[in-house]
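The chain contents come next:
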Amino acid sequence: MSAPMLPLAAEREGFHAPGIEIFEWPDIVHLEVAGFDLSINRVVVQMFVVGLLVWGLFFLAFRRPKLVPSGLQNVMEAFVDFIRNQIVLEVIGRDGLRFMPYLTTLFVFVLFGNLGGIIPPILFPLNGRMALPAVMAICSLLLFISVGISSQGLAYFKNALFPPGIPWPVYILLTPIEFVSTFIVRPVTLAIRLLANMIAGHLILSVFFVATGYMLTSMNISTLFGLGALIFSVALIAFELFVAGLQAYVFTILSAVYIAGALEPEH
Amino acid sequence: MSQSEPPKEPSGRGADVVWSIIGTLVAGVLAWGAIGWLLDRWLGTRFLVAVGIIVGMAGAFYLIMKRYGSG
């Protein structure tokens, strides 16, 4: 009878890797309006804080803009310059400058949301939940559709669904593909790319830090490996910093690319 | 930064080409896979979803070659 007890005892004391449950937060305020669950949990609070932070930073930076910027205005102008030169002028051209406010806000909001994943004591990437990536992807979808309609009229849909230079019977084959790729796959991949990167990064960090703590406190040979794991965990933070910036950049540049595609018919 | 206009085919589109090729492939499989699946349900058959996926892939390849192949 005692033999089967041993593995059980070992299991209890063993290492438990954090799983997808670390993305679930209990409601702080339970709220239901007309059957919709509008409860406030930690992620919602973080979303409000990041939103306010982005708004506040831009407000403070450009409240009294100076010709020779200093301090906060300098920092926020770096963001604006980056979006303007690296994304808008590169991808859309001068025509795209009117989309600067949307793209800049998008970039900074996604970036700050992602950075929450590595900044103590927040340590949760806002975009690790589907809600925000999905809503931002839908915003980009609606934006590029309205840009297409306003710059090309209803010919936008004709240009988007019927690529030129193809014999007409082939349209039966290609038009469903074009429809799905433009109006469904684009927003879905936009959202999932960001979400999956944030989920993966958060899981990797959690597993590494929990494992590092477990090994360091195990007081046997594992403690030595724990030191190595600690160094690697810190390196992973740097990697997540890179991913946070990269994914904000990718989300913004692809939104810009879709807008550019809607501005003029594809050749 | 400089005074020159951005080039007609901006360099920032490299990533876009890659993503849109992947997107087209996925869209081809999804669109015609869904059509095949619906036909299967309608006709009570079971093979049309596979045919749809293959047709969709072929269509996606054709579209990609037409759009990016010559350039």
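Thresholds, definitions, all that
Residues numbered from 1 in each chain as written. Chains lettered and ligands numbered in written order. Predicted model: local features only at pLDDT ≥ 70, side-chain atom pairs only at ≥ 80, totals over all residues. Helix = DSSP H or I, 4+ residues; strand = E, 2+ residues; numbered from the N terminus. Buried ≥ 20, exposed ≤ 12 C-beta atoms within 10 Å, placed from the backbone. Core = buried A, V, L, I, M, F, W, Y, C linked by C-beta atoms within 7 Å. Contact = placed C-beta atoms within 7 Å. Axes fitted to C-alpha atoms, helices over the stretch in contact; angles between N-to-C directions. Left-handed = near helix turned anticlockwise from the far one by under 90°. Nonpolar A, V, L, I, M, F, W, Y, C, P; charged D, E, K, R; others polar.

Participant: Help me understand the environment of Ile-253 of chain A, please; the structure alone is not making it clear to me.
Facilitator: Residues and elements named next belong to chain A. Among the structural elements, Ile-253 can be located in helix α8 (residues 222-263). Classification of Ile-253 as buried rests on a count of 23 C-beta atoms within 10 Å. Distance in space between the C-alpha atoms of Ile-253 and Gln-86 is 8.8 Å, their sequence separation being 167 residues.

Participant: It is not clear to me how the nonpolar core should be interpreted in this structure. Could you clarify?
Facilitator: In a soluble, globular protein the nonpolar side chains are often hidden away together inside. Core analysis: the biggest nonpolar cluster contains 42 residues, and Val-88, Val-91, Leu-103, Phe-107, Val-110, Ala-256 and Ile-259 of chain A have the highest contact counts within it. When residues of this core are assigned to their parent elements, the largest contribution, 12 residues, is made by α8 of chain A. Those residues within four positions of Phe-107 of chain A in sequence are excluded, and the remaining contacts are Phe-79, Ile-83, Ala-248 and Thr-252 of chain A. Listed in part, the 12 residues of the second largest apolar core include Val-185 of chain A together with Ala-27, Leu-30 and Leu-63 of chain B.

Participant: Would you explain the packing of helix α5 (residues 131-152) of chain A against helix α7 (residues 170-216) of chain A in this entry?
Facilitator: Pairs of packed helices are described in terms of their axes, by the angle between the two and the distance that separates them. Residue and element names in this part refer to chain A. Packing of α5 against α7 leaves a shortest axis separation of 8 Å and a crossing angle of 145°. α7 is crossed by α5, and the crossing has right-handed handedness. In this structure, α5 contributes Pro-133, Ala-134, Ala-137, Ile-138, Ser-140 and Leu-141 to the contact, and α7 contributes Arg-186, Pro-187, Leu-190, Ala-191, Leu-194 and Leu-195. A class-by-class count of the residues in the contact of α5 with α7 yields 10 nonpolar, 1 polar and 1 charged.

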